[in-house]
Amino acid sequence: MIISIRKVGSFIRFITMFAVLTMFFYYMLGWVGGKLVPLDPYRAPMGQAVKVFQPESTLDSQYSPVERLLLYYWYGE
């Protein structure tokens, strides 16, 4: 079997370029994804908007976690 140095060099160049471009596109997609995501999605809305869900702490709630689970199953929500 004859191994051509030109073909081996071409293959190594192809693998190198493939790895470099893969890393480039991976980091570019991460950068673009970071720009599209809001900085704090859980902040209070501004303007006329109203925040609908206000999480209550478990110490201040009127129901225990077991009672909340039973209510969840009872109402099917």
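Residues numbered from 1 in each chain as written. Predicted model: local features only at pLDDT ≥ 70, side-chain atom pairs only at ≥ 80, totals over all residues. Heavy atoms only, no water.

### Quick word on the overall build of the protein chain
- Looking only at helices and strands, the protein chain features two helices and zero strands.
- Taking all 77 residues of the protein chain together, 1% fall into the buried category.
- Here the protein chain has roughly 8300 Å² of accessible surface; of this, 69% comes from carbon and sulfur atoms. (Helix = DSSP H or I, 4+ residues; strand = E, 2+ residues; numbered from the N terminus. Buried < 20%, exposed > 50% of the residue type's maximum accessible area, 1.4 Å probe, protein only. Areas by Shrake-Rupley, 256 points an atom, 1.4 Å probe, with all protein chains shown as cover.)

### What to know about the environment of Tyr63
- In this fold, Tyr63 is placed in the loop between helix H1 (5–36) and helix H2 (65–75).
- With near-sequence residues (within four places) excluded, Tyr63 lies in contact with Arg68 and Leu71. (Contact = heavy atoms within 4.5 Å.)

### Description of H2
- Taking burial as the measure, the eleven residues of H2 include zero buried ones, a minor fraction of the element.
- Where H2 ends, the next residue or the one after it, Gly76, has phi of about 70°, a positive value.

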